[in-house]
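Each chain, letter by letter, is given below.
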Amino acid sequence: MRTQVCIIGGGPSGLLLSQLLHRKGIDTVVLERHSREHVLSRIRAGVLEWGTVELLREAGVGERMDREGLPHLGVNLALQNRAFRIDFQKLVGKKVMVYGQTEVTHDLYAARDAIGGKVICEAEGVTLHDLDTDAPFVTFVKDGSEQRIDADYVVGCDGFHGVSRRSIPADTLREYEKVYPFGWLGVLSRTPPVHDELIYANHPRGFALCSMRNRNLSRYYIQVPLDTKLEDWPDEAFWEELKRRIPTDAAERLVTGPSIEKSIAPLRSYVAEPMRWGRLMLCGDAAHIVPPTGAKGLNLAASDVHYAYHALADHYLEGDDEGLERYSERALARVWKAMRFSWSFTMLMHRFPDQSPFEQRMQEAELEVLESSRAAQTVMAENYVGLPY
Ligand code: FAD
Ligand code: DHB
């Protein structure tokens, strides 16, 4: 088989890139290791920056998001059970959209199907070859038989555990990493959200977040130690702990119910450089991971896709290779700023196992600066709604 761009990974980045390129007449094949059902069953991100919203619209998958998504004009930060608000609309004239990654991925699969996009699921043993030549190719096994795809370019959209990043020689790849000493226990429940905006809470017992997917689907998280087991947290215990950490008025009106999903995610910051090597480009979690605080993971994947899409479109439609040559530099410039934001927001909001009273006071002072300074709020708002592409 031959294609112009072979995309590894059928998560949000791979599908979005494939859909955008298809609309410019550029041929792609997406190879996904898991079944579609598996990809669609993962509960992950929930908040879209406006740049991501616009890119999804450009890809022709904005219709349901525009109908069912919830625009949010601000966010709430809490310290010791008392909250204050950061008003994005007033500070920077922008907003975000609450619309789940599961829905985004669902819409992208539907759009690929509608225009006959080639997505090969359950592709095993995907291997990338000759990436440093003009004739790269990819091999994989489907239904027991080995297959080969020749391509002009290969784009690695295969997440943190994928093969693409590992295809870059070790003496070329530079890695930067920070692992945080706690995780997030997340619960999804079919209950009305406790508030019409998100609440990020700093509390002596640990961080908590009140989020949502729609008007009758809530997503809540609490910080937990790394060795926590799901069995340690029956629903009742989760709701009691959440109530202790969030603003008092929110705790009083919290509607609880059975969890329909419960999972623990570790927190990590990670960047791989460069994001392009020969005919390979990396997009999304294949190249970087952020801790979830501030909801940047999926949005960074979308900004990488934006740069990769324009680079490939300029190459094929204009014969202009500048975007390809500068892809790594451009994508990384934005990645590092989002890394800084999610790292600093994580450091501000969590209780660290070895945190000294001084460090705790520094968190409190910084939150008080945020509450009282329009300048500090503006920086927070600019980063939360998403830096320009
Ligand atoms: P992925 O979504 O990881 O997709 C990669 C795809 O590649 C997968 O479908 C995978 O099956 C496939 N693949 C992997 N290896 C291979 C291979 N060898 N061959 C073929 N295919 C392969 N972000 C937020 O903003 N907010 C959140 O609340 C949030 N929660 C998260 C919770 C968890 C448990 C995780 C893991 C991530 C979370 N994120 C969150 C991050 C966000 O979900 C990711 O940034 C986003 O999914 C990145 O999209 P992606 O397409 O780059 O990678
Ligand atoms: C969600 C996750 C986040 O990490 C975040 O900062 C905001 C919302 C969520 O899953 O809804």
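Residues numbered from 1 in each chain as written. Chains lettered and ligands numbered in written order. Predicted model: local features only at pLDDT ≥ 70, side-chain atom pairs only at ≥ 80, totals over all residues.

- Per an unreviewed UniProt entry, the protein chain goes by p-hydroxybenzoate 3-monooxygenase and derives from Meinhardsimonia xiamenensis.

### Some details on the site of ligand 1
Right, on to step 1. Near ligand 1, the surroundings consist of 33 residues, among which Gly9, Gly11, Gly159, Gly284 and Gly297 are the closest.
Right, on to step 2. Of all the secondary structure elements, the ones that give two or more residues to the shell around ligand 1 are α1 (12–22) and α9 (297–318).
Right, on to step 3. In terms of residue class, the shell around ligand 1 is built from 14 nonpolar, 13 polar and six charged. (Near = placed C-beta within 6 Å. Helix = DSSP H or I, 4+ residues; strand = E, 2+ residues; numbered from the N terminus. Nonpolar A, V, L, I, M, F, W, Y, C, P; charged D, E, K, R; others polar.)

### Considerations on the site of ligand 2
Right, on to step 1. Taken together, the neighbourhood of ligand 2 is formed by Ala45, Gly46, Val47, Leu198, Leu209, Ser211, Arg219, Pro292, Thr293, Gly294 and Ala295.
Right, on to step 2. Looking at which domains feed residues into the shell around ligand 2, each of domain 1 (2–72 + 96–178 + 269–348) and domain 2 (180–266 + 352–385) supplies at least three. (Domains from an automatic or database assignment.)

### A look at the nonpolar core
Buried together is how nonpolar side chains tend to be arranged in soluble globular proteins.
Right, on to step 1. Leu17, Val155, Cys283 and Ala308 are the most contacted members of the largest nonpolar core, which totals 105 residues.
Right, on to step 2. It is α9 that provides the largest number of residues to this core, a total of ten residues.
Right, on to step 3. Each of domain 1 (2–72 + 96–178 + 269–348) and domain 2 (180–266 + 352–385) accounts for three or more of the residues forming this core.
Right, on to step 4. Residues contacting Val155, with those up to four places away along its chain left out, are Val5, Ile7, Leu17, Met281, Cys283 and Ala308. (Core = buried A, V, L, I, M, F, W, Y, C linked by C-beta atoms within 7 Å. Buried ≥ 20, exposed ≤ 12 C-beta atoms within 10 Å, placed from the backbone. Contact = placed C-beta atoms within 7 Å.)

### Topic: the confidence of the model for the protein chain
Right, on to step 1. Of the residues in the protein chain, 100% reach a pLDDT of 70 or more, and the chain-wide mean stands at 97.
Right, on to step 2. On the interface metric, ipTM, the complex scores 0.97, and its pTM is 0.97. (pLDDT = per-residue confidence, 0-100.)

### What about the UniProt feature "domain: FAD-binding" (unreviewed entry) in the protein chain?
Right, on to step 1. Under the feature "domain: FAD-binding" (unreviewed entry), the UniProt entry names residues 2–342.
Right, on to step 2. Along residues 2–342, the helical share is 32% and the strand share 32%, with 40 Å between the first and last C-alpha atoms. (UniProt positions renumbered as here; feature names shortened; annotations may be inferred.)

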